[in-house]
Amino acid sequence: MNVKDKVVVVTGGAEGIGAALARRFAKEGARAVIVADRNGEGAAAVAREIGGEAVTLDVSDGAAVAAMVADIEARHGGIDLFCSNAGVGDGDPDKDSAASSPDAVWNRAWNVNVMAHVHAARAVTPGMAARGGGYLLNTVSAAGLLSQIGGAVYSTTKHAAIGFAESLAITHGDQGIKVSVLCPQGVDTAMLRQGDAASQPQNLDGVLTPDEVAESVVQGLAEEKFLILPHPVVLTYMQRKTADYDRWLGGMRRLRAKMMGKG
């Protein structure tokens, strides 16, 4: 897909990867870029910068997502590219217990990291199918393909998001609907900076800027690739994981021990 002259929606667009995507799509000549975020002021600021539109939106609210989509379709004639980008990340409160996060944290992550993609697809796929096609870009994470040490909630919900995206691609491909999942590792965003000292950008190798991720997205959409991997090393890690799962788990346990100062 080339986004020139297309109608594009970006959720989680007030900052980070979402804001970078909105700016890049505008630069690429999109006909309309709708910036959606719970942070309405932040979304409006990005929209003003790029000449787009802003919507205050809680992506976990299916009815609100459906209403937004209906409004955009009525005004613009359809949505060509829906970027379901919003996400949340919480670490395990007890690093020695993968089940230590309370139900409220699990439910919030499930609703944002998984159900937001479901709500978006439920709202946009009928119109896309009727028009003969469209594109869904779901921001997930390399954690959905690999794992996140000390982040059981994040890893689990991101794995589920990958599974749903695969189902979308399988089910709706014959309707002309394309699907890509964006799976970066470290990106210099507020989510990364809220982690512990070891996860800060200056302490990690290969951390990309949001603009670099947006560049990977434009290239991935042009090639219509299902997996968009801004960090190519993720593919190497995936191959190691699937080639010998037990060995990979052992390596992750050793890495965790090192991070925890136990090895």
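For the structure, see preceding data.
Quick caveat, the model's predicted, so the values are computed rather than measured.

Visitor: For helix α8 (residues 233-243), give the residues involved together with the corresponding values.
Guide: An α-helical turn contains 3.6 residues, so any two residues separated by three or four positions project in the same direction. Buried within α8 we find V234, M238 and K241. Buried residues of α8, viewed axially, fall in a sector of 65 degrees; they line one side. Projecting away from the buried face of α8 at angles above 90 degrees are the exposed residues R240 and A243. In the core, the buried residues of α8 are packed alongside α5 (152-172), β7 (227-228) and α9 (245-259).

Visitor: Outline the sheet that holds strand β4 (residues 81-84), listing residues and values.
Guide: Spatial ordering of the open sheet is given by β3-β2-β1-β4-β5-β6-β7, a layout of seven strands whose pairing is parallel. Strand pairing shows two members of the sheet lacking a second neighbour, β3 (53-56) and β7, which therefore form its edges. Relative to strand β6 (residues 177-182), strand β5 (residues 134-139) runs parallel, the two sharing six bridges. By the bridge assignment for β6, T139 is matched with L182. This element, helix α4 (residues 103-131), spans β4, β5 and β6 of the sheet and lies at about 170 degrees to β5.

Visitor: Go over the nonpolar core with me, naming the residues and quoting the values.
Guide: Grouped together as the largest cluster of nonpolar side chains are 41 residues, with contacts concentrated most on M68, V69, I79, F82 and L136. At the level of elements, β1 (7-11), β2 (32-37), α3 (62-76), α4, α5, β6, α8 and α9 are the ones that each hand at least two residues to this core. Per-element tally for this core: the top contributor is α4, with eight residues. Among the nonpolar cores identified, the runner-up in size contains 29 residues, and A43, L81, L137 and L182 belong to it.

Visitor: I'd like a description of the pattern of salt bridges, backed by residues and values.
Guide: Within the structure shown, the criterion is met by nine salt bridges. Between R24 and E28 there is a salt bridge; the shortest N-O distance is 2.9 Å. For R24, a relative accessible area of 17% puts it in the buried group. Two residues, R75 and D71, come together in a salt bridge whose shortest N-O distance is 3.0 Å. Taken together, the positions of R75 and D71, both in helix α3 and four residues apart, correspond to about one turn of that helix. Each of R24, E28 and E215 takes part in one network of salt bridges that share partners.

Visitor: How would you explain the packing of aromatic side chains if you had to name every residue and give the values?
Guide: On inspection of all chains with the given rule, the structure shows one aromatic pair. For the pair Y245 and W248, a centre-to-centre distance of 5.9 Å together with 75 degrees between the ring planes defines the contact as edge-to-face. Here Y245 pairs with W248, and both are found in helix α9, just three residues apart, close to one helical turn. Residue classification places W248 among the buried positions, given a relative accessible area of 14%.

Visitor: Any details on α9? Residues and values, ideally.
Guide: Taking 1.5 Å of rise per residue, the 15 residues of α9 would be expected to cover 21 Å, and the 21 Å separating its terminal C-alpha atoms lies within 8% of that figure. Trailing α9 by a residue or two, G261 shows a phi angle of about 70 degrees, which is positive.

About the cut-offs
- Residues numbered from 1 in each chain as written.
- Predicted model: local features only at pLDDT ≥ 70, side-chain atom pairs only at ≥ 80, totals over all residues.
- Heavy atoms only, no water.
- Buried < 20%, exposed > 50% of the residue type's maximum accessible area, 1.4 Å probe, protein only.
- Helix = DSSP H or I, 4+ residues; strand = E, 2+ residues; numbered from the N terminus.
- Arc of directions from axis to C-beta.
- Contact = heavy atoms within 4.5 Å.
- Pairing = 2+ DSSP bridges.
- Axes fitted to C-alpha atoms, helices over the stretch in contact; angles between N-to-C directions.
- Core = buried A, V, L, I, M, F, W, Y, C linked by side-chain atoms within 4.5 Å.
- Salt bridge = Lys/Arg side-chain N within 4 Å of Asp/Glu carboxyl O.
- Phe/Tyr/Trp six-rings, centres within 6.5 Å; stacked < 30°, edge-to-face > 60°.
- Expected span 1.5 Å × (residues − 1).

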